[in-house]
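These are the residues of each chain, in order.
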Amino acid sequence: GAVVSQHPSWVICKSGTSVKIECRSLDFQATTMFWYRQFPKQSLMLMATSNEGSKATYEQGVEKDKFLINHASLTLSTLTVTSAHPEDSSFYICSARSTAGLAYEQYFGPGTRLTVT
Amino acid sequence: AQSVAQPEDQVNVAEGNPLTVKCTYSVSGNPYLFWYVQYPNRGLQFLLKYITGDNLVKGSYGFEAEFNKSQTSFHLKKPSALVSDSALYFCAVRGAFTGGGNKLTFGTGTQLKVEL
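Just so it is clear, the model here is predicted, and its values are computed rather than measured. (Residues numbered from 1 in each chain as written. Chains lettered and ligands numbered in written order. Predicted model: local features only at pLDDT ≥ 70, side-chain atom pairs only at ≥ 80, totals over all residues. Heavy atoms only, no water.)

Section: unusual backbone geometry
Part 1 of the argument: Looking along the chain, the bond that leaves His7 of chain A and enters Pro8 of chain A is cis, with omega of 0 degrees.
Part 2 of the argument: Positioned with a positive phi, Thr72 of chain B is a non-glycine residue whose angle comes to about 45 degrees.
Part 3 of the argument: By the secondary structure assignment, Thr72 of chain B is in the loop between β8 (64-68) and β9 (73-78). (Helix = DSSP H or I, 4+ residues; strand = E, 2+ residues; numbered from the N terminus.)

In structure tokens form, the structure reads like this:
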């Protein structure tokens, strides 16, 4: 149980275009989902926290107009990288917290590798 | 602010030997502590956690960790390493107080390399 999926697993896009990454909780409902970014050989940096039905809370330094987050249902959150540039190339990982589980439990998706050319 | 330190970028160990991956933390109040493992181009897999109770926590794949409050440490250990244990290991902490917004803070990761 407690499986989180991400789609796509990897994507290549051209500079200036937008790309959407989906995060789904497959067998549980997630009130809260988290989006992380990971650069090569570096740690996970929290980008934003999204709560179902409300606006996402972005970490300091993260451009909310560039990284659009929508958490429209209890099983789906999306991250849209708008007007992507090569510096947005990274590994993006989502995580979900179950509505029914303990508050400290987070389940991680497999990640999405974004390459902007 | 909470923080996690993993002082070693890489740990090398021979297969069959014990391994230790170090982690120290800083957090207000009681900590919730976690270890995750990441294989190349994959997400994080949960290994074990300390919430309360026994200081020695046993987790997946034969890993264990010991919570030491006085030293604010939560080192990951395994009695006998396997080549398949080679991966990137992350320690993470969050405060124990309730609140939906409480966040995990990750260390910088330690690359474990187990050689024959």
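Here we look at the sheet that holds strand β8 (residues 76-81) of chain A
Residue and element names in this part refer to chain A.
Part 1 of the argument: Taken in spatial order, the four strands line up as β1-β3-β8-β7 in an open sheet, and their pairing is antiparallel. Each edge of the open sheet is held by one strand with a lone partner, namely β1 (4-7) and β7 (67-73). Averaged over all neighbouring strand pairs, the angle between strand axes comes to 15 degrees, with direction disregarded.
Part 2 of the argument: By the bridge criterion, six bridges tie strand β3 (residues 19-25) to β8 in an arrangement that is antiparallel. Opposite Glu22, over in β8, you have Thr78 as the bridge partner. (Pairing = 2+ DSSP bridges. Axes fitted to C-alpha atoms, helices over the stretch in contact; angles between N-to-C directions.)

Side note on the packing of aromatic side chains
Aromatic ring pairs are reported here in terms of the distance separating the ring centres and the angle at which the planes meet.
Part 1 of the argument: For the structure shown, the criterion picks out 13 aromatic pairs over all chains.
Part 2 of the argument: Ring centres of Phe34 of chain B and Tyr36 of chain B lie 6.2 Å apart, and the angle between their planes is 20 degrees; on these two criteria the pair is classed as stacked. Each member of the pair, Phe34 of chain B together with Tyr36 of chain B, is buried.
Part 3 of the argument: Among the aromatic residues, those joined into a cluster by ring pairs are Tyr36 and Phe108 of chain A together with Phe34, Tyr36, Phe46, Phe90 and Phe106 of chain B. (Phe/Tyr/Trp six-rings, centres within 6.5 Å; stacked < 30°, edge-to-face > 60°. Buried < 20%, exposed > 50% of the residue type's maximum accessible area, 1.4 Å probe, protein only.)

Some details on the interface of chain B and chain A
Part 1 of the argument: Listed by partner, the interface residues are 22 residues for chain B and 18 residues for chain A.
Part 2 of the argument: The largest share of the area that chain B buries against chain A comes from Leu44, Lys103 and Phe106 of chain B, three residues that together contribute 27% of it.
Part 3 of the argument: Put simply, chain B and chain A have one salt bridge between them.
Part 4 of the argument: Here Glu59 of chain A and Lys103 of chain B are joined by a salt bridge, their closest N and O atoms 2.9 Å apart.
Part 5 of the argument: Linking chain B with chain A are four residue pairs in polar contact (both at pLDDT 80 or more). (Contact = heavy atoms within 4.5 Å. Buried area = accessible area lost by both parts, 1.4 Å probe. Salt bridge = Lys/Arg side-chain N within 4 Å of Asp/Glu carboxyl O. Polar contact = N/O pair within 3.5 Å; in protein donor to acceptor, adjacent residues only side chain to side chain.)

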